[in-house]
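# A look at the structure
Read off the chains here:
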Amino acid sequence: MRTRNHPAGDNRPELPDLRLQVVDRNFSFRECNYSLYPSWMAYPWANAHLVIRGTYPYAIDRCERTALRNETSLVGSLLDATTQYHDGLDADAVGAALLEFSQLAPRPVKALLNLNTAAKTRRVTGQLSVHGCRIASVGKAGELSTLGGLEFLPELGTEPGGPARTDGLRVRHRILIRPGTRVQFALPHVLADAARKRPRPGQRIERFEILPSVFTDSGTFRALWPDGPQPQLGQRYRLGFGSSRKGAAARLSPIPAEEPEVLPEPRLAAVQLAGPAA
């Protein structure tokens, strides 16, 4: 694959690293409220992912969804989902797809949110939304419903909104959020970064990490990166890029499960993958 050399003074943005995860052939990925399969209903923002299959030739599934303008419902967001399938690819074509994906694709991050930074219990009537996505609601009888995959620590509580009314109208219940209540929640990278720099009153993003957006099985992993680390099911890797006059090679490094990830500074990207075995 040819290396893209940019002249001095080129002001185009540099490309960030990707996150890759080794999966089995019939995998279902779900992290907090971010789900790839069977649907994206729990994640109402633009996102994309690649699934690389085979050894040689290779195949790529690129699935992406562009959020609708003035999007108000999770179901409505599914109308703008697309899938592209490319078969018979060599390693250079896979490398080119990864470069293009790194530059253009929106990606999610897993954020640790503090929902109440105050010293007193926070009360929310009806439903609790975070950056435009409803994550909890309380019903007519005071039953609490939360978005699947989320865990609140400490748990949310509820209370009636006021004394019983005599005009027959229902009493709206409220959600109780105790001080220091935290939840891990998936957000778009750009939204999470902006929210961390400009926190909302009473809320704070304390930490966030990039979620994987590239997936391969073990056989594909070995074929594309024969000199890389041994693939392990469920293991995540940084797919970094470096450049030189003589070419460039993708750098793969395992991400320890206990390591707190931070968003890295973007770097100029070029990638060269291994071709078929001789």
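Up top you'll find the structure we're talking about.
Below, the structure is looked at part by part. (Residues numbered from 1 in each chain as written. Predicted model: local features only at pLDDT ≥ 70, side-chain atom pairs only at ≥ 80, totals over all residues. Heavy atoms only, no water.)

### So, the pattern of salt bridges
- For the structure on display, the rule yields 13 salt bridges.
- The salt bridge involving Arg236 is made with Glu31; its shortest N-O contact spans 2.9 Å. Of this pair, Arg236 sits in strand 18 (residues 236–240) while Glu31 sits in strand 2 (residues 30–31), and the two are 205 residues apart along the sequence.
- You can call Arg236 buried: its relative accessible area is 17%.
- Across the pair Glu159 and Arg123 runs a salt bridge whose closest N-O atoms are separated by 2.7 Å. (Salt bridge = Lys/Arg side-chain N within 4 Å of Asp/Glu carboxyl O. Helix = DSSP H or I, 4+ residues; strand = E, 2+ residues; numbered from the N terminus. Buried < 20%, exposed > 50% of the residue type's maximum accessible area, 1.4 Å probe, protein only.)

### A word on the nonpolar core
- Ranked by internal contacts, the top residues of the largest apolar core, which has 38 residues, are Leu115, Leu128, Ile135 and Phe185.
- Of all elements in the fold, only strand 7 (108–114), strand 9 (127–130), strand 10 (133–138), strand 14 (174–177), strand 15 (182–188), helix 3 (189–197) and strand 16 (204–210) reach the threshold of two or more residues within this core.
- If you look at the next biggest cluster of nonpolar residues, it comprises 22 residues, including Ile52, Leu89, Ala105 and Phe221. (Core = buried A, V, L, I, M, F, W, Y, C linked by side-chain atoms within 4.5 Å.)

### Description of the sheet that holds strand 13 (residues 157–159)
- Read across the sheet, 3 strands follow the order 8-14-13 without closing on themselves; strand pairing throughout is antiparallel. Of all strands in the sheet, those bounded by a partner on one side alone are strand 8 (122–125) and strand 13. Pairs of neighbouring strands in the sheet enclose a mean axial angle of 35 degrees, with direction left out of account.
- Direction of pairing for strand 13 relative to strand 14: antiparallel, over a ladder of 3 bridges. What sits directly across from Thr158, in strand 14, is Ile175. (Pairing = 2+ DSSP bridges. Axes fitted to C-alpha atoms, helices over the stretch in contact; angles between N-to-C directions.)

### Observations concerning helix 3
- Buried residues of helix 3: Ala192, Asp193 and Ala195, and no others. End-on, the buried residues of helix 3 take up no more than an arc of 165 degrees, which puts them together on one face. Opposite the buried face of helix 3, by more than 90 degrees, sit the exposed residues Val190 and Lys197.
- In this structure, the buried residues of helix 3 make contact with strand 7, strand 15 and strand 16. (Arc of directions from axis to C-beta. Contact = heavy atoms within 4.5 Å.)

### Considering the sheet that holds strand 15
- On the basis of which strands lie adjacent, the open sheet formed by 4 strands has the order 12-15-7-16 and antiparallel pairing. Both edges of this open sheet fall to strand 12 (152–153) and strand 16, since each of them pairs with a single strand only.
- As paired elements, strand 7 and strand 15 share 7 bridges and run antiparallel to each other. Within strand 15, the residue paired with Asn114 across the bridge is Arg182.
- Packing of helix 3 onto the sheet brings it into contact with strand 7, strand 15 and strand 16, and relative to strand 15 it is tilted by some 125 degrees.

### Describing the packing of aromatic side chains
- Summed over the entire model, instances satisfying the criterion amount to 9 aromatic pairs.
- Both rings, one in Phe29 and one in Phe215, keep their centres 5.2 Å apart while their planes meet at 55 degrees; by these two values the pair is tilted. Highlighted residues: Phe29 in the loop between strand 1 (18–22) and strand 2 and Phe215 in strand 17 (residues 214–216), separated in sequence by 186 residues. For the pair Phe29 and Phe215, one class covers both residues: buried.
- Where Tyr43 meets Trp45, the ring centres are 5.2 Å apart and the plane angle is 80 degrees; that geometry is what we call edge-to-face. Like Tyr43, the residue Trp45 is buried in the burial classification.
- In textbook terms, an aromatic cluster arises when at least three aromatic residues are bridged by ring pairs, as seen for Phe27, Phe29, Tyr34, Tyr43, Trp45, Phe185 and Phe215. (Phe/Tyr/Trp six-rings, centres within 6.5 Å; stacked < 30°, edge-to-face > 60°.)

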